[in-house]
Amino acid sequence: LERVAYHEIGHAIAAELIRPGSVAVVTVTPRGRALGYMRQAPTDDQYLYTLEELRGQIASLLAGAAAEEIVFGSRSTGSAADFQQAAELAERIVFAGMSRLGIVHKDRLAPNVLHDEVQHILHEEHQRVLEWLQAHRALLDALARRLVEEERVDGDELRARLREAADEAAGRPPTTRTV
């Protein structure tokens, strides 16, 4: 339960840093095959994505495993589907001509070149999310504990706690906590 809580809070912190206001709820209540989940507020249908948006989605997907690494020193199999989605998004970046390779022809790109570029993108986003979560370690711990105790943290509480952490880091007096 504790590992699932850290995993899901990792996703939520990254998602909220990438797209403020996006997290609706985080829970460790099992649903289907998922042991927990982070639900984001629905967005308008989008057909075009920028490089920054795709990288943000990758970072959010990798954040669960990154949180596990920071806290437990290892990952679990709970990240397999996240990694699959992240790799597919990285391939999308490559085939859209937004990677270091520039514009490429999908059928003429050597598999090892594609693999290396996808790995490079995933590594960069993994490093970025590790830095974010390490910088927010106290919040990661506090929210994971809360999630274990209450089984649910809503997006408003997450945002309030992120604001408090930002105020503290900037040396501003804390705002009144409403949640």
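Residues numbered from 1 in each chain as written. Predicted model: local features only at pLDDT ≥ 70, side-chain atom pairs only at ≥ 80, totals over all residues. Heavy atoms only, no water.

Asker: Where do I start with the layout of surface pockets in this structure?
Answerer: Here the idea is plain: a probe the size of a water molecule rolls over the atoms and shows the empty space left. One number sums up the size of the second largest pocket: a volume of about 230 Å³. The set of elements that each furnish at least two residues to the lining of the second largest pocket consists of helix H5 (137–150) and helix H6 (155–170). Broken down by element, the residue count for the lining of the second largest pocket peaks at six residues, all from H6. In the lining of the second largest pocket, the residues fall into seven nonpolar, one polar and four charged. (1 Å grid on protein atoms, 1.4 Å probe; cavity = no way out; pocket = protein on both sides within 12 Å on 5 of 7 lines; lining within 4 Å. Points joined across faces, edges and corners; volume = space filled by probe spheres on them. Helix = DSSP H or I, 4+ residues; strand = E, 2+ residues; numbered from the N terminus. Nonpolar A, V, L, I, M, F, W, Y, C, P; charged D, E, K, R; others polar.)

Asker: Explanation requested: the nonpolar core in the structure shown.
Answerer: Nonpolar side chains in soluble globular proteins tend to end up buried together. Grouped together as the largest cluster of nonpolar side chains are 41 residues, with contacts concentrated most on Ile 13, Ile 58 and Leu 133. The set of elements that each furnish at least two residues to this core consists of helix H1 (2–18), strand S1 (23–27), helix H2 (51–72), helix H3 (80–95), helix H4 (111–135), H5 and H6. Ignoring anything within four residues of it in the chain, the contact list for Leu 133 reads Gly 10, Ile 13, Ala 63, Ala 66, Ala 67 and Ile 70. (Core = buried A, V, L, I, M, F, W, Y, C linked by side-chain atoms within 4.5 Å. Buried < 20%, exposed > 50% of the residue type's maximum accessible area, 1.4 Å probe, protein only. Contact = heavy atoms within 4.5 Å.)

Asker: Honestly, H1 in this entry has me stumped. Any pointers?
Answerer: Residues three or four positions apart in an α-helix share a direction because the helix packs 3.6 residues into each turn. Taking 1.5 Å per residue, 17 residues should reach 24 Å; H1 reaches 24 Å between its end C-alpha atoms and fits that length. Among the 17 residues that make up H1, 13 are buried, leaving the element largely enclosed by the rest of the structure. (Expected span 1.5 Å × (residues − 1).)

Asker: Looking at this structure, I do not really get the sheet that holds strand S2 (residues 37–40). What am I missing?
Answerer: Two strands in a sheet stick together by hydrogen bonds in their backbones, pointing the same way (parallel) or opposite ways (antiparallel). Across the sheet, three strands lie side by side as S2-S1-S3; this open sheet has antiparallel pairing. Two strands in the sheet have a free side with no partner beyond their single neighbour: S2 and strand S3 (152–154). The sheet shows a mean angle of 10 degrees between the axes of neighbouring strands, direction not considered. With three bridges connecting them, S1 and S3 associate as antiparallel partners. Among the inter-strand pairings, Thr 27 is bridged to a residue of S3, identified as Arg 152. (Pairing = 2+ DSSP bridges. Axes fitted to C-alpha atoms, helices over the stretch in contact; angles between N-to-C directions.)

Asker: Help me understand the pattern of salt bridges in this model?
Answerer: Side chains bearing opposite charge may pair, as long as their charged atoms lie close to each other. One pass over the structure, following the stated rule, counts 13 salt bridges. With a shortest N-O distance of 3.1 Å, Arg 159 and Glu 16 are connected by a salt bridge. Separated by 143 residues along the polypeptide, Arg 159 in helix H6 and Glu 16 in helix H1 bring together distant segments of the chain. Each member of the pair, Arg 159 as well as Glu 16, is classed as buried. With a shortest N-O distance of 3.7 Å, Glu 157 and Arg 161 are connected by a salt bridge. Here the residue Glu 157 and the residue Arg 161 both occupy positions in helix H6, the gap between them amounting to four residues, near one helical turn. Summarising the burial analysis for this pair, Glu 157 and Arg 161 share the class buried. Shared partners join several salt bridges into a network, and the residues in it are Arg 55, Glu 124, Glu 125 and Arg 128. (Salt bridge = Lys/Arg side-chain N within 4 Å of Asp/Glu carboxyl O.)

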